[in-house]
Amino acid sequence: MDKEHKVSVYDLVKELNLIELLPEINTREIYITQAEINRPALQLAGFYDHFATNRVQIVGKAESLFIEEVEKDIVAAETIFEKFIGAGIPCIVFCRNLQPGERILKTARKYKVPILISKDATSEFMAEVIRWLGVVLAPSISIHGVLVDVFGEGILITGESGIGKSEAALELIRRGHRLVSDDVVEIKRISKKTLIGTSPEVTRFFIELRGIGIIDVKNLYGVESVKMEQEIDLVIQLEDWNKETDYDRLGLEEKYVEYLGNKVAAHTLPIRPGRNLAIIVEAAAINHRQKKMGYNAAEALYKRVTGQMED
């Protein structure tokens, strides 16, 4: 299920160590919904077409100097500040420890718009706030599955309830790999190529084993057995063995599943008694890493066989 994300200005202040000049404004109830930012030079000059009012407004040295000039004319300053701050913006951040004048603070109090100060240079702060907002506001979904870090590869194990996903994850943990999430995996689309998986806070580092109950992986196996988040590199779909199904035995053709518009390489793994899932998942993780490094065992075998036939 897709989720609509927002983050409060309070969280922005805490995460980026900003100073609030108007502490009487409740920043916990003011939300940011866009990962992009805006430098309001055009708006301060009176051009408001396509004004992104729902973005964080960043004031650098150039905008600050312009504001100082504007404030020399009281009437013009009030008009400009009323239109700019009254447009419904979430907050204004002054970089380089630049200090706003009293008129802009007065207007901000009127419209309950937080005025924040950052000690960082404008370009540095912009890069950091875009990175952070891009993560916390990324499109996301929650799916039923298990996410583990196997040899540095993020392996998402999916399948019907009770098929053995959690048991496979527990065996992988015993073999030195790390659990990210069991049962529910929250997936965020960070970029067109990157999906990050994490666990809901309430179930983080717990595994449900039918017949035993809930176990705490972090307490049982130590902090080295768990991980907060992991990029998803490969999906392994578990299903009951069906002798009528023609399963892929060579792997010449890549198969994919799609989450949030991003494609992820996938394997369908049939389950039957006697198959060691943990070892198979390890082999799949190593094989996937080899493919990313340019070596495909199936293609190598195919070329060897066709070469012998030609000879």
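Residues numbered from 1 in each chain as written. Predicted model: local features only at pLDDT ≥ 70, side-chain atom pairs only at ≥ 80, totals over all residues. Heavy atoms only, no water.

(A) Looking closely at the overall build of the protein. Along the backbone of the protein there are ten helices and 20 strands. At 26 Å, the protein has a C-alpha radius of gyration far larger than the 19 Å of a compact globule built from 311 residues. Considering only C-alpha atoms, the protein reaches an extent of 85 × 55 × 30 Å along its principal axes. For the protein, long-range pairs separated by at least 24 residues make up 68% of all intrachain contacts whose partners lie at least 6 apart in sequence. When the accessible surface of the protein is totalled, it reaches about 17500 Å², and 50% of it is carbon and sulfur. (Helix = DSSP H or I, 4+ residues; strand = E, 2+ residues; numbered from the N terminus. Rg over C-alpha atoms; globule rule 2.2 N^0.38 Å. Contact = heavy atoms within 4.5 Å. Areas by Shrake-Rupley, 256 points an atom, 1.4 Å probe, with all protein chains shown as cover.)

(B) A nonpolar patch on the surface, seen in detail. Together, Leu-301, Val-305 and Met-309 make up an exposed nonpolar region whose accessible area comes to about 310 Å². Mapped onto the secondary structure, Val-305 falls in helix H10 (residues 297–310). Given the relative accessible area of 39%, Val-305 is considered partly exposed. (Patch = residues over 30% accessible without salt bridge, like charges linked within 9 Å, V, L, I, M, F, W, Y side chains within 5 Å. Salt bridge = Lys/Arg side-chain N within 4 Å of Asp/Glu carboxyl O. Buried < 20%, exposed > 50% of the residue type's maximum accessible area, 1.4 Å probe, protein only.)

(C) Focus on the confidence of the model for the protein. Residue-level pLDDT values for the protein average 89, and 97% of them are 70 or greater. Mean pLDDT per element in the protein: strand E1 (residues 2–3) is the minimum at 47, and strand E8 (residues 115–117) is the maximum at 97. (pLDDT = per-residue confidence, 0-100.)

(D) Representation of the sheet that holds E8 within the structure. In space, the five strands of this open sheet follow the order E3-E8-E7-E6-E5, with mixed pairing throughout. Strand pairing shows two members of the sheet lacking a second neighbour, strand E3 (19–20) and strand E5 (37–38), which therefore form its edges. (Pairing = 2+ DSSP bridges.)

(E) Geometry of the side chain of Gln-230. By the secondary structure assignment, Gln-230 is in strand E17 (residues 229–231). A polar contact is formed between the side chain of Gln-230 and the backbone oxygen of Gly-152, at a distance of 3.5 Å. At 2.4 Å, the side chain of Gln-230 forms a polar contact with the side chain of Lys-227. Those residues within four positions of Gln-230 in sequence are excluded, and the remaining contacts are Leu-147, Asp-149, Gly-152, Glu-153, Gly-154, Val-180, Leu-195, Ile-196 and Gly-197. (Polar contact = N/O pair within 3.5 Å; in protein donor to acceptor, adjacent residues only side chain to side chain.)

(F) Here's a closer look at the packing of aromatic side chains. All chains considered together, the criterion is met by two aromatic pairs. Taking the centre distance of 5.6 Å and the plane angle of 75 degrees together, the rings of Tyr-48 and Phe-51 count as edge-to-face. The pair formed by Tyr-48 and Phe-51 is uniform in burial state, with each residue classed as buried. Ring geometry for Phe-51 and Phe-84: centres 6.0 Å apart, planes at 35 degrees, overall tilted. Placement of the pair is Phe-51 in the loop between helix H2 (41–44) and strand E6 (56–59) and Phe-84 in helix H4 (residues 74–85), with a sequence separation of 33 residues. Exposure remark for Phe-51: the relative accessible area of 13% places this residue in the buried category. Joined through ring pairs, the aromatic side chains of Tyr-48, Phe-51 and Phe-84 make up one cluster. The cationic tip of Lys-6 hangs over the ring face of Tyr-31; the distance from NZ or CZ to the ring centre is 4.2 Å. Cation over ring: Arg-28 sits above Tyr-10, and NZ or CZ is 3.8 Å from the ring centre. (Phe/Tyr/Trp six-rings, centres within 6.5 Å; stacked < 30°, edge-to-face > 60°. Lys NZ or Arg CZ within 6 Å of the ring centre and 35° of its normal.)

(G) Structural view of the pattern of salt bridges. Going through the model one piece at a time under the given rule, you end up with 14 salt bridges. Taking the shortest distance from any N to any O, the salt bridge between Glu-102 and Arg-109 comes out at 3.2 Å. Close ionic contact of Asp-233 with Lys-292 constitutes a salt bridge, the shortest N to O distance being 3.6 Å. With Asp-233 in the loop between E17 and strand E18 (234–240) and Lys-292 in helix H9 (residues 277–292), this pair connects stretches of sequence that are 59 residues apart.

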